[in-house]
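Commentary on secondary and tertiary structure
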Amino acid sequence: MTPQPNPSPMSDTLNLHTHSMHDPVAASLDIIFIDGFLGQTVIGIHHDELHDTQPVRIDLAAGLPRSLACDTDHIGDTIDYSEVRSALCEMMANHRYRLLEAFAEAVASLLLGRFGAHWVRVRVTKPRKFEDVDSVGVMIERRRRQPPSASERRGPAEVLSLLGAGMVPGERG
């Protein structure tokens, strides 16, 4: 049996993008990606995985609404994938996760929080973990949480204050 090349996670990203055309936010994303980041780290649950580093591959895609960089040609107006790569190197060296799921979640949080992505897809795999398998791993997708509405931002004290003043929150008068 001849080994087949690994399908690119990028094709999955493009499929998601075209599948989401009915969603105007997803349809207008600029997607910055890193495909095939390879590093060595200690991760796993089995005794033989807890002491020596092993190869881990990370593929990621981070979506932004049409980035200003399209007009300004300035790296500060988009996600700088060299900065993302540096952050991944640091994570590989310093994390304490045992499961790929938890590690992938941390990568997604990094992209959404520190780098301002609105949507991410993160795939983390262990290549050749088993002799008869190309790779094993996990792929997750996350979206930036929408900012709370004005009524959700009101704390209990503000609501009580409004009620005490004879006003009903959310009611127009």
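The preceding data block contains the structure.
Residues numbered from 1 in each chain as written. Predicted model: local features only at pLDDT ≥ 70, side-chain atom pairs only at ≥ 80, totals over all residues. Heavy atoms only, no water.

1. A short note on the nonpolar core
Counting residues in each nonpolar core, the largest one holds 31 residues, and the members touching the most others are Ile58, Leu60, Leu111, Val122 and Val124. Only strand 1 (29-41), strand 2 (54-65), helix 4 (81-94), helix 5 (100-113), strand 3 (119-127) and strand 4 (135-143) provide two or more residues apiece to this core. The element contributing the most residues to this core is helix 5, with nine residues. Filtering out sequence-adjacent residues up to four positions away, Ile58 remains in contact with Ile34, Asp35, Gly36, Phe37, Leu88, Met92, Phe103, Arg123 and Val124. (Core = buried A, V, L, I, M, F, W, Y, C linked by side-chain atoms within 4.5 Å. Buried < 20%, exposed > 50% of the residue type's maximum accessible area, 1.4 Å probe, protein only. Helix = DSSP H or I, 4+ residues; strand = E, 2+ residues; numbered from the N terminus. Contact = heavy atoms within 4.5 Å.)

2. Description of the packing of aromatic side chains
Per the stated rule, a full pass over the model turns up one aromatic pair. On the numbers, 6.4 Å between centres and 75° between planes, the contact of Tyr97 with Phe103 is edge-to-face. Under the relative-accessibility criterion, Tyr97 is labelled partly exposed at 33%. Judged by its relative accessible area of 1%, Phe103 falls in the buried class. (Phe/Tyr/Trp six-rings, centres within 6.5 Å; stacked < 30°, edge-to-face > 60°.)

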